[in-house]
Amino acid sequence: TWTRSSIAEELVASARETIGDARAICGLSGGVDSAVAAALVNRAVGDQLTCVFVDHGLLREGEAEQVEKDFVAATGVDLVVVDAQQRFLDALAGVSDPEEKRKIIGREFIRVFEQAARDIAGSADDEGHPVEFLVQGTLYPDVVESGGGSGTANIKSHHNVGGLPDDLQFTLIEPLRTLFKDEVRQVGLELGVPEEIVWRQPFPGPGLGIRIVGDVTRDRLDTLRVADRIAREELTKAGLDRDIWQCPVVLLADVRSVGVQGDGRTYGHPIVLRPVSSEDAMTADWTRVPYDVLARISTRITNEVAEVNRVVLDVTSKPPGTIEWE
Ligand code: XMP
């Protein structure tokens, strides 16, 4: 039987064997999964790995800075940052269907990676080896829910497993695809990934793009980013980060409701709070966040975000609701 440390060692050895002396790139999202996958492959093949961080503009406040600062400082990985905000906005313009959004985001991700890989291969210190492998932090639940498991129906096409283009130029390497989240965290700790990253709450690859019900625009992203930051601040202040698996904050951009603020009538958008407790994201229950914490979040969001005049709480378990709204 395997001990925990032999799982990490085994995965490192297996990645080393697969990659050989080829080159690899890994997309960092700021989340646990891609960070652990990158640390693992970095341990396996060192500077044959280059990490690429795509700033797709669908990130939460401060996330880009965290990846550049925390992760690079801790692991010393070679990092390239690509600003692709306008590209993603253009590709998503007018699209409100959730599956279509996911497919577009997944496709653009791969295209940006391919370009980054070509740039890396063409850089001065290269000996002419093209980038062969694309490392992804796909976990077992992602595999199952995207229909990759034994006979499981496709629930959502997770962007890191579904919707890849047919002419993909890389061989995918997914060192975490047999693991659940808690195992990934253990492996991460063994590999020396800093605790702030290992214990970070999950955040979906398609980011805020699937937390806007309606089409994605720069203004709507700005609105959601502030509401999300406020909710995170208050939950952290209340000491709830470890009790909550994650708390999606969702902007219902296609819904408006009447309100009153000061002397005036408002006609704004609702924000949904979706705090959930879970072991592995396969099932979840809504977290009983104390009323006073919810009250502070609601008051602050409606005061500080002009477009939002209502805050609602999602009290649905999974199933039947998924964790994300799209
Ligand atoms: P759902 O909404 O399916 O989410 O209950 C389960 C977990 O997966 C995250 N999630 C994603 N992660 N790419 C990801 O990397 C995706 O496309 C994606 N969709 C959902 C979600 O945040 C939750 O933790």
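The numbering scheme is per chain: residues are counted from 1 as the chain's sequence reads. The model is predicted, so local features are restricted to residues of pLDDT at least 70 and side-chain atom pairs to those at 80 or more, both for listing and for counting; the totals for chains, interfaces and linings are taken over all residues.

Engineer: Can you lay out the sheet that holds strand 5 (residues 171-173) for me, pointing to particular residues and giving the numbers?
Structural biologist: Strand order in the open sheet formed by five strands is 3-2-1-4-5, with parallel pairing between adjacent strands. Looking at the sheet topology across the chains shown, the edges are occupied by strand 3 (79-83) and strand 5. Direction aside, the axes of adjacent strands within the sheet are offset by 30 degrees on average. By the criterion used throughout, residues are in contact when their C-beta atoms, derived from the backbone, lie within 7 Å. Helix axes use the C-alpha atoms of the stretch in contact, all axes being lines fitted to C-alpha atoms, and the angles between their N-to-C directions lie in the range 0 to 180 degrees. Labels follow the DSSP assignment, with helices taken as runs of H or I lasting at least four residues and strands as runs of E lasting at least two, numbered in each case from the N terminus. Together, strand 1 (23-28), strand 2 (49-55) and strand 4 (131-135) form the strand contacts of helix 2 (residues 32-45), whose direction differs from that of strand 1 by roughly 160 degrees. Those strands touched by helix 3 (residues 63-75) are strand 1, strand 2 and strand 3, and its axis lies near 175 degrees from that of strand 3. For two strands to be treated as a pair, DSSP must find at least two bridges joining them.

Engineer: Tell me about helix 10 (residues 291-304), and please be specific about residues and values.
Structural biologist: Over its 14 residues, helix 10 extends 20 Å from the first C-alpha to the last, a length consistent with the 20 Å expected when each residue adds 1.5 Å. The exposure label follows from counting other C-beta atoms within 10 Å of a residue's C-beta, where the C-beta atoms are placed from the backbone and the thresholds are 20 or more for buried and 12 or fewer for exposed, leaving partly exposed in between. Taken together, the buried positions of helix 10 are occupied by Ile297, Ser298 and Ile301. On an axial view of helix 10, the arc spanned by its buried residues comes to 95 degrees, and they lie on one face. Opposite the packed face of helix 10, turned more than 90 degrees from it, sit the exposed residues Asp292, Ala295, Asn303 and Glu304. The elements touched by buried residues of helix 10 are helix 9 (218-237), strand 9 (264-273) and strand 12 (308-313). One fewer than the residue count of a helix, multiplied by 1.5 Å, yields its expected span. Directions are taken from the helix axis to each C-beta atom, and the arc is the one they span.

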